[in-house]
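For reference, the chains in residue letters:
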Amino acid sequence: MSTLKLAPEYGASLFRIVVGFLIACHGASTLFAFPVSGHTVSPLVWPGGVAAALQLGFGVLVMIGLGTRASAVMLSGTMAYAYFSVHQEKALLPMQNGGEPAALYSWAFLMVAIVGPGPLALDALRVKVKAPVAIGNEPVAVA
């Protein structure tokens, strides 16, 4: 049973990686028609192109776990904005207005921001590198 102690932490990392990858793919698809072909939008077009650029950039950062909390907050806000500005005016509930993906992404990224990146992240690696090294009983800071 003790082997499952780290399961929640690694589960959080896997969740972050998958959700970051999916939103990055969504942004890339909107900007470059990759990996799905279709209509593209310039990153300078408001709000769709700007949102796609944010999805791609911050999605990659969330996926690799670099600046995870700040990136996740930005993506959560972007998806909340998309829900309330695009979908909410069509109908009240996400099932009616087609805003389920935006609502789910918004809450998923808020959860990533709260829980953190987990152990499989560049943020976690940076913390380990900056940690003080103890020699004997006295800690020595690494410059």
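Up top is the structure.
Here the structure is a predicted model, which is why all the values come from computation and not from measurement.

Cut-offs and rules
- Residues numbered from 1 in each chain as written.
- Predicted model: local features only at pLDDT ≥ 70, side-chain atom pairs only at ≥ 80, totals over all residues.
- Heavy atoms only, no water.
- Helix = DSSP H or I, 4+ residues; strand = E, 2+ residues; numbered from the N terminus.
- Buried < 20%, exposed > 50% of the residue type's maximum accessible area, 1.4 Å probe, protein only.
- Phe/Tyr/Trp six-rings, centres within 6.5 Å; stacked < 30°, edge-to-face > 60°.

**Examining unusual backbone geometry**
- Residues Trp46 and Pro47 are joined by a peptide bond in cis, for which omega reads -5 degrees.
- Positionally, Pro47 belongs in the loop between helix 1 (7–32) and helix 2 (48–64).
- One non-glycine residue, Ala33, lies in the positive phi region at around 55 degrees.
- If you trace the backbone, Ala33 turns up in the loop between helix 1 and helix 2.
- Among the residues examined, Ala33 registers a relative accessible area of 22% and is labelled partly exposed.

**Comments concerning the packing of aromatic side chains**
- Counted by the stated rule, this structure contains three aromatic pairs.
- Between Trp46 and Tyr81, the ring centres sit 6.0 Å apart and the planes meet at 50 degrees, which makes this aromatic pair tilted. In this pair, Trp46 sits in the loop between helix 1 and helix 2 while Tyr81 sits in helix 3 (residues 68–87), placing the two residues 35 residues apart along the sequence.
- The class of Trp46 is exposed, set by a relative accessible area of 59%.
- Arranged with centres 5.2 Å apart and planes meeting at 85 degrees, the rings of Tyr83 and Phe84 form a pair that is edge-to-face.

Geometry only, nothing functional implied.
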